[in-house]
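Observations on the model geometry
Chain residues, written in single-letter form:
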Amino acid sequence: MQGYEQKLLEHVAGTRFEDLDSAAIKACKTFIFDSIGVGISGSRLPLAASLLETASNWGGAQDGAVATVWGSGLKLPVPSAAMVNAYQIHNQEFDCVHEHAVVHPMAVILSAILADAEARQVSGAELMLAVVLAVDVATILGMSADQPMRFFRPGTAGCIGAAAGLARLRGYSKEKILQAMSIAYSQTGGTMQAHREGVAVLPMQAAFNARNAVTAADMAGFGLVGPGQFLSGEFGYFSIMESAGNAPEAFALLGREWQIGRISHKPFPTGRAAHGTLDALMQLQAQHGFSAADIDSVSIEAPPLVRRLVDRPVLPSMGVNYAKLCIGYVAATLLLTGDVGVADFDEAPLADAHRLSLAERIRMRPSACDDPNALAPQAVTVRLHSGVEYHKEMLAILGHPDSPLGRERQTEKFIRCLASARYPMDSDAAHRILTQVDQLDRLACVTQLTELLTPELQLDHAIC
């Protein structure tokens, strides 16, 4: 029987664009534009500007192959561009997630692969195939686990997946594809401690691993050799970083189900673990017409992973990353304002006494589900001051493939993301980008897309 490393290799090396079905192609385009949107929006944060300035000091556009930093009008060497874009994708907790794998696949994967594709001036179809294969690798690794996360899976699995996609994009031999994944494992990192504490380095772990994926592919290209059993060896990924109790079932999906089609949208810029509560509260308010002032308490029943990720006490002085993962704060925001947006984590809202007071009355407790990697089902009960209670059970949460976000709402999110950027981009710019993504499989060169990812006044036209 083939080892797990060989199974990934055969899938990555042997799949052609013609093997992708229409659903996979559609999903790939959808999550490319969604990720671009949240990445451009992510430029609004001060730390994004600081990272861009720092990365610019490491080397600029005159130093070899370069790629666009989205929303900035600047180009950097591919590893640095990938790093900044990955940080911008993940820094507001607004990027898509594969719920079964518990992996945000596109932060690391798209930032690395699109930067490399731009520098190499490849076609849109080549980009899409690399992205689909990278997502398969990352999510199959995530679905293999049967134990709670200790390492930051979007970074670790994402890095190995991105390296595989990069190697395929570059036309590497089977041996070099294998080495790219192995070298990626040899330098991947990031733990759940940053998530536990809700500190600012959390999204930077996606950035580190996007850069690492590019360097892994570069090193495989010049012949560096990594461990052959980087997954299954005594000190391999399935021993050190993750468990592999579900690996037989996960790996059996290779070539049978494209995981790009199993990704969930995030309608709100907060941890996906909080989305079940937000979706339920929206539905209950719409159905019963109560206001935030009517609420005595909110009780949420959730699986272990949800509680682990977002069940944290509201604090009078919370950092942005902490607040995004605080169920009380995000639920109170939705109940008071009717939505949760990127500006709800700015300084003034975080100090809003009404939000903090309501957040104190929102509690989470264990559900009957004991799956350590499940984000659903969840159940929400709202108790009013009158004593009336309303209850909602959530099996499929808004944005999940079984409860999809329609194209209208996808587009609305994209336009709002671009408008929120450090250098805002208008709806005309948004529709130009969407038009190029919609025909991405027919683009002769991806620079026809990437040249649009900067503010118009700073546009630096690429030539294929």
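Scroll up a little and you will see the structure.
The notes below deal with the structure included here. (Residues numbered from 1 in each chain as written. Predicted model: local features only at pLDDT ≥ 70, side-chain atom pairs only at ≥ 80, totals over all residues. Heavy atoms only, no water.)

**A word on the overall build of the chain**
What counts is decided by this rule: In this description a helix means any DSSP run of H or I spanning at least four residues, a strand means any run of E spanning at least two, and both kinds are numbered starting from the N terminus. Note on method: radius of gyration uses C-alpha positions; expected globular size equals 2.2 Å times residues raised to 0.38. A simple rule labels every residue: compare its accessible area, found with a 1.4 Å probe on the protein chains alone, to the largest value its type can have, and call it buried under 20%, exposed over 50%, or partly exposed in between. Note on areas: these come from Shrake-Rupley sampling with a 1.4 Å probe, and a residue is covered only by the protein chains present in the view. Residues scored as positive are Lys and Arg, those scored as negative are Asp and Glu, and His as well as the terminal groups of each chain are ignored. A single reference atom marks each charge: NZ on Lys, CZ on Arg, CG on Asp, CD on Glu.
In terms of helices and strands, the chain carries 21 helices and six strands. Over its C-alpha atoms the chain spans a radius of gyration of 21 Å, differing by no more than 12% from the 23 Å that the globule rule assigns to 464 residues. Dimensions of the chain, computed from C-alpha atoms along their principal axes, come out at roughly 70 × 55 × 40 Å. The 464 residues of the chain split such that 61% are buried. Taken as a whole, the chain presents about 17100 Å² of accessible surface, with 52% of it coming from carbon and sulfur. Across the chain, the mean location of the 36 positive side-chain charges is 1 Å away from that of the 48 negative side-chain charges.

**Brief notes about the layout of surface pockets**
Our working rule: Only protein atoms enter the calculation, which uses a 1 Å grid: trapped sets of points that fit a 1.4 Å probe without letting it out are cavities, open sets showing protein on both sides within 12 Å along at least five of seven lines are pockets, and any residue with an atom within 4 Å of a point is a lining residue. Grid points are joined across faces, edges and corners, and a volume is the space filled by probe spheres set on the points. Side-chain classes follow a simple rule in which Ala, Val, Leu, Ile, Met, Phe, Trp, Tyr, Cys and Pro form the nonpolar group, Asp, Glu, Lys and Arg form the charged group, and the remainder, Gly included, forms the polar group.
The computed volume of the largest pocket comes to approximately 360 Å³. As for the largest pocket, its lining consists of 22 residues, and the residues nearest its centre are Glu99, His100, Asn373, Ala374 and Leu375. Of the residues in the lining of the largest pocket, the class split is eight nonpolar, seven polar and seven charged.

**Some remarks on the packing of aromatic side chains**
Heads up, the rule is: For this analysis, a ring pair means two rings from Phe, Tyr or Trp (six-membered ring only for Trp) whose centres lie within 6.5 Å, classed as stacked if their planes differ by under 30 degrees, edge-to-face if by over 60, and tilted for the remaining angles. By definition here, charges over rings are those cases where NZ of Lys or CZ of Arg is within 6 Å of the ring centre and within 35 degrees of the ring normal.
Under the defined criterion, the tally for this structure stands at eight aromatic pairs. Ring centres of Tyr237 and Phe238 lie 5.7 Å apart, and the angle between their planes is 65 degrees; on these two criteria the pair is classed as edge-to-face. Neither Tyr237 nor Phe238 differs from the other in exposure class; each is buried. Seen in terms of ring centroids, Phe238 and Phe251 are 6.5 Å apart; in terms of plane orientation they differ by 75 degrees. Their pairing is edge-to-face. With Phe238 in helix H11 (residues 237-240) and Phe251 in helix H12 (residues 247-251), this pair connects stretches of sequence that are 13 residues apart. For the pair Phe238 and Phe251, a shared accessibility class is recorded, and that class is buried. Directly above the ring of Tyr172 sits Lys176, whose terminal nitrogen or CZ lies 6.0 Å from the centroid. When the ring centre of Phe94 is taken as origin, the NZ or CZ atom of Lys413, which lies over that ring, is 4.3 Å away.

**Description of the pattern of salt bridges**
Side-chain pairs of opposite charge can arise whenever the charged atoms involved come near each other. The condition is simple: Salt bridges are identified by distance alone: a Lys or Arg side-chain nitrogen within 4 Å of an Asp or Glu carboxyl oxygen.
Counted under the stated rule, the structure contains 21 salt bridges. Of the charged contacts in the structure, one is a salt bridge between Asp116 and Arg170, with a shortest N-O distance of 3.0 Å. Separated by 54 residues along the polypeptide, Asp116 in helix H5 (residues 105-120) and Arg170 in the loop between helix H7 (153-169) and helix H8 (174-187) bring together distant segments of the chain. Between Glu242 and Arg153 there is a salt bridge, with its nearest N and O atoms 2.6 Å apart. With Glu242 in the loop between H11 and H12 and Arg153 in helix H7, this residue pair connects regions lying 89 residues apart in the sequence. Arg153 shares its class with Glu242; the two are buried. Linked through salt bridges whose partners overlap, the residues forming this network are Asp116, Arg120, Arg170 and Asp218.

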